[in-house]
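Secondary and tertiary structure notes
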2 protein chains.
Amino acid sequence: MTAQLQLGFIGLGVMGRPMALNLMQAGYSMAVYARRKESLAPLIATGARAFAAPAALAAECDVIFTIVTASADSEQVALGMQGIAEGARAGTIVVDMATISPLATRRIAQALEARGVDHLDAPVSGGPMGAQGATLSIMVGGKPRVFERVKPLFERLGKTILHMGDHGAGQVTKACNQLALTVTLQAVAEALLLAQRCGVDPAKVREVMLGGIAASRVLELFGKRMVERDFENGIDARLYHKDLNIALDLAHSLGIPAPAAAATLQQINALIGSGGGKSDFSRMIEVLERAARSN
Amino acid sequence: MTAQLQLGFIGLGVMGRPMALNLMQAGYSMAVYARRKESLAPLIATGARAFAAPAALAAECDVIFTIVTASADSEQVALGMQGIAEGARAGTIVVDMATISPLATRRIAQALEARGVDHLDAPVSGGPMGAQGATLSIMVGGKPRVFERVKPLFERLGKTILHMGDHGAGQVTKACNQLALTVTLQAVAEALLLAQRCGVDPAKVREVMLGGIAASRVLELFGKRMVERDFENGIDARLYHKDLNIALDLAHSLGIPAPAAAATLQQINALIGSGGGKSDFSRMIEVLERAARSN
């Protein structure tokens, strides 16, 4: 692919905006659409052309990236009224970088392919920092031929780019990752609370644990915030709620047990129910603390 | 402390034997006791003196290490008939390196101190390899003054030696560590099974996860064995069962919730109930697989 390609970007939030800018910096011409008009300004200022609907944008693009919040949003943007499918030419590639259900992904891919439009699912990890620095991990599902065509663009967005399998395989990988991550956080919260209530310094216990087999990146990052009770900066708990729901829906649809993930989802529900959805995910330890106090 | 000290070692299994040998190699005179007489031979061959009961051994020792299996065994060796308390002089130090209940530890320490005998709890992590190579992590609870006296001996046994607090603090630290470790393993098992049943290569998903926030030592070590289905070498699942029971007993006694740990204990129960207690802990993934198949 060359810089002559016309790219489109739909969804210009904390992830989409820096990603679109990174592609523009590489010389690509960019068409943009966002539901919230105020998101468009920084892109237009940099030379992007704004469109009134995904269909109109799609009619002029070779590759269209989407990164909107949830499964329903991705389906709406791709297949809904004035959606991509209504405008896209045959041969266009749609790359969905949001974290959504693998089942929804397969539905979208199938519907688009019936119209001659190719589709990749390409959820990312690395957060806003990774998006800004183009150091994201990108987990891709879809046809190898399509993956190879988009790869040079992915390389402008991330550092680790992996083709995981057919449609949905990227989303499955992300779901597994988020399941392991959330349950590991619950493990860390339970361990650090136990230490504290037994009168042993959780900061010191964390240090010991980091030196052995119980070490994890979650203990490093979120465990530190738990110990320091720094719940206001970081990654919103509600995002993990969405992602773990995706993983458990998938597990249930296939009859796969996931008991620790199910217990963890209950805890995230409690955190969000008590108003902690926009706090950092490390605040999960407070759910345990509240249950402990009421005993 | 100098090499003139008379040391004692009680419990000469896969952990105790190499630890006693490391102390002897440092020049210390060693008295030994083991319930299974065949465990004594390699120590006697190296110059240790065997005793018929803990009391008789204790009468001649300045510092006595114990590393027997469970809480009841530690209590029996310290306080039971012909136990350490019956023979030890005032000023003797008992160092319990087994992983047992912090509550039992405090009972033992109190009973010994009433007789003028000092006590440290000093559970370890690092397994038989760490015992052989003297690279254990040692988590110590007890009086700072006693800790300082034993520290030069600990340095012959391990690499990371940490004083965590008063009596029981070493055991609390180990319990927290094992809680985090076992729940993280459950997280990894659930994630890798989900990947596999969704048709995405678990080995590839593990690689992706190792590159991000879901990375853990458990994913590295046990996750590899899950992917390779190598369940016969490694660390017996029944040891984690014992340790997680200790952590949950402690949590229950203090009214602390630990929902993911509780779910994980059920899974370990199922593994042991189906004959997997002496398999490597990574075999936990089979408990999920069996439940999935029967759906």
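Residues numbered from 1 in each chain as written. Chains lettered and ligands numbered in written order. Predicted model: local features only at pLDDT ≥ 70, side-chain atom pairs only at ≥ 80, totals over all residues. Heavy atoms only, no water.

Re the overall build of chain A
Within chain A one finds 14 helices and nine strands. Radius of gyration (C-alpha) of chain A: 21 Å, near the 19 Å computed for a compact globule of 295 residues. The dimensions of chain A, computed from C-alpha atoms along their principal axes, are 65 × 45 × 35 Å. In chain A, buried positions account for 59% of the 295 residues. In chain A, the proportion of contacts linking residues at least 24 apart, taken out of those at least 6 apart, comes to 65%. Working note: accessible area of chain A is about 11,000 Å², and carbon and sulfur atoms make up 51% of it. Looking at chain A, you have 29 positive and 26 negative side-chain charges, and the mean spots of the two groups are 2 Å apart. (Helix = DSSP H or I, 4+ residues; strand = E, 2+ residues; numbered from the N terminus. Rg over C-alpha atoms; globule rule 2.2 N^0.38 Å. Buried < 20%, exposed > 50% of the residue type's maximum accessible area, 1.4 Å probe, protein only. Contact = heavy atoms within 4.5 Å. Areas by Shrake-Rupley, 256 points an atom, 1.4 Å probe, with all protein chains shown as cover. Lys, Arg positive; Asp, Glu negative; His and termini not counted. Charge placed at Lys NZ, Arg CZ, Asp CG, Glu CD.)

Quick word on the interface of chain B and chain A
With 56 residues of chain B at the interface, the matching set in chain A holds 56 residues. Approximately 4,700 Å² of surface area, both sides summed, lies buried where chain B meets chain A, with 77% of it carried by carbon and sulfur atoms. Contact with chain A buries area across many residues of chain B, yet B:Glu190, B:Leu194 and B:Ile213 alone supply 14% of it, more than any other trio. Where chain B touches chain A, the interface holds zero salt bridges. Applying the counting rule to chain B against chain A returns eight residue pairs in polar contact (both at pLDDT 80 or more). Of all the secondary-structure elements, those providing two or more residues to the side of chain B that touches chain A are strand S9 (158-165), helix H9 (169-197), helix H10 (202-210), helix H11 (217-228), helix H12 (237-254), helix H13 (259-273) and helix H14 (284-293) of chain B. Ranked by residue count, the leading element in the side of chain B that touches chain A is H9(B), at 18 residues. Residue composition of the side of chain B that touches chain A, by class: 40 nonpolar, 11 polar and five charged. (Buried area = accessible area lost by both parts, 1.4 Å probe. Salt bridge = Lys/Arg side-chain N within 4 Å of Asp/Glu carboxyl O. Polar contact = N/O pair within 3.5 Å; in protein donor to acceptor, adjacent residues only side chain to side chain. Nonpolar A, V, L, I, M, F, W, Y, C, P; charged D, E, K, R; others polar.)

Some remarks on empty space enclosed by the protein
Residue and element names in this part refer to chain A. Throughout the structure, instances matching the rule amount to four cavities of 30 Å³ or more. Considering the residues around the largest cavity, the lining is formed by Thr66, Ser74, Val77, Ala78, Val94, Asp96, Ile108 and His119. Of all the elements, helix H4 (residues 71-79) adds the most residues to the lining of the largest cavity, at three residues. Split into classes, the residues belonging to the lining of the largest cavity amount to four nonpolar, three polar and one charged. (1 Å grid on protein atoms, 1.4 Å probe; cavity = no way out; pocket = protein on both sides within 12 Å on 5 of 7 lines; lining within 4 Å. Points joined across faces, edges and corners; volume = space filled by probe spheres on them.)

So, H13(B)
Residue and element names in this part refer to chain B. For H13, spanning 15 residues, the distance from its first C-alpha to its last is 21 Å, which sits close to the expected 21 Å at 1.5 Å a residue. For H13, every residue scored as buried is listed here: Ala260, Ala261, Ala263, Thr264, Leu265, Gln267, Ile268 and Leu271. At the C-terminal side of H13, Gly275 shows a positive phi close to 90°. (Expected span 1.5 Å × (residues − 1).)

Brief notes about the domain arrangement of chain A
All names here are of chain A. According to the domain assignment, chain A consists of domain 1 (6-166) and domain 2 (172-293). The partner domain 2 presents eight residues to the 11 residues of domain 1 that form the contact. Summing both partners gives a buried area of about 900 Å² for domain 1 against domain 2, and 72% of it is carried by carbon and sulfur. Area buried by domain 1 at its contact with domain 2 is led by Thr99, Pro102 and Met139, which between them contribute 47% of it. Seen at the junction of domain 1 and domain 2, the total is zero salt bridges. Between domain 1 and domain 2 we count four residue pairs in polar contact (both at pLDDT 80 or more) in total. Looking at which element gives the most residues to the side of domain 1 that touches domain 2, the answer is helix H6 (residues 102-113), with three residues. Broken down by class, the residue content of the side of domain 1 that touches domain 2 amounts to seven nonpolar, three polar and one charged. (Domains from an automatic or database assignment.)

Side note on the relation of the copies chain B and chain A
Between chain B and chain A, the superposition needs a rotation of 180° and an axial shift of 0.0 Å, giving an RMSD of 0.0 Å. Such a combination of turn and shift is consistent with a two-fold rotation axis. Closest approach to the rotation axis within chain B is made by the C-alpha atom of B:Ser216, at a distance of 2.0 Å. By residue overlap, the copies meet face to face through one surface: 100% of the interface positions of chain B are interface positions in chain A. (Least-squares fit on C-alpha atoms with pLDDT ≥ 70 in both.)

Details of the nonpolar core
Counting residues in each nonpolar core, the largest one holds 100 residues, and the members touching the most others are A:Leu194, A:Phe281, B:Leu194 and B:Phe281. In this structure B:Leu194 touches A:Cys176, A:Leu179, A:Ala247, A:Leu250, A:Ala251 and A:Ile256, once residues within four positions along its chain are discounted. (Core = buried A, V, L, I, M, F, W, Y, C linked by side-chain atoms within 4.5 Å.)

Some details on the pattern of salt bridges
Throughout the structure, instances matching the rule amount to 36 salt bridges over all chains. One salt bridge in this structure joins B:Glu220 and B:Arg217, with 3.5 Å as the shortest N-O distance. Taken together, the positions of B:Glu220 and B:Arg217, both in helix H11 and three residues apart, correspond to about one turn of that helix. For B:Glu220, a relative accessible area of 35% gives the class partly exposed. With a relative accessible area of 32%, B:Arg217 lands in the partly exposed category. Look at the salt bridges and you will find they share partners, linking A:Arg229, A:Glu232, A:Arg283, A:Glu286, A:Glu289 and A:Arg290 into a network.

A closer look at the packing of aromatic side chains
Counted according to the given criterion, the structure contains 10 aromatic pairs over all chains. When the ring of A:Phe9 is compared with that of A:Phe65, the centres are 5.5 Å apart and the planes differ by 15°; the resulting orientation is stacked. With A:Phe9 in strand S1 (residues 6-10) and A:Phe65 in strand S4 (residues 63-66), this residue pair connects regions lying 56 residues apart in the sequence. With 6.2 Å between their ring centres and 85° between their planes, B:Phe222 and B:Tyr240 make a pair best called edge-to-face. You can see B:Phe222 sitting in helix H11 and its partner B:Tyr240 sitting in helix H12, a full 18 residues away along the chain. You'll find B:Phe222 and B:Tyr240 in the same group, each marked buried. (Phe/Tyr/Trp six-rings, centres within 6.5 Å; stacked < 30°, edge-to-face > 60°.)

Quick notes on the environment of B:Ala34
Residue and element names in this part refer to chain B. Looking at the element boundaries, Ala34 is found in the loop between strand S2 (29-33) and helix H2 (41-45). Accessibility expressed as a relative area gives 4% for Ala34, which makes it buried. In the structure, Ala34 is positioned 44 residues away from Ala78 in sequence and 13 Å away in space, judged by C-alpha atoms. Excluding anything up to four places from it in sequence, Ala34 contacts Leu12, Ser39 and Leu40.

Concerning the environment of A:Leu194
Mapping A:Leu194 onto the fold places it in helix H9 (residues 169-197). The spatial distance from the C-alpha of A:Leu194 to the C-alpha of A:Arg238 is 25 Å, given a sequence separation of 44 residues.

Some points on the side chain of A:Thr92
With respect to the helices and strands, A:Thr92 occurs in the loop between helix H5 (84-87) and strand S5 (93-96). One polar contact links the side chain of A:Thr92 to the main-chain carbonyl oxygen of A:Arg89, over a distance of 2.8 Å.

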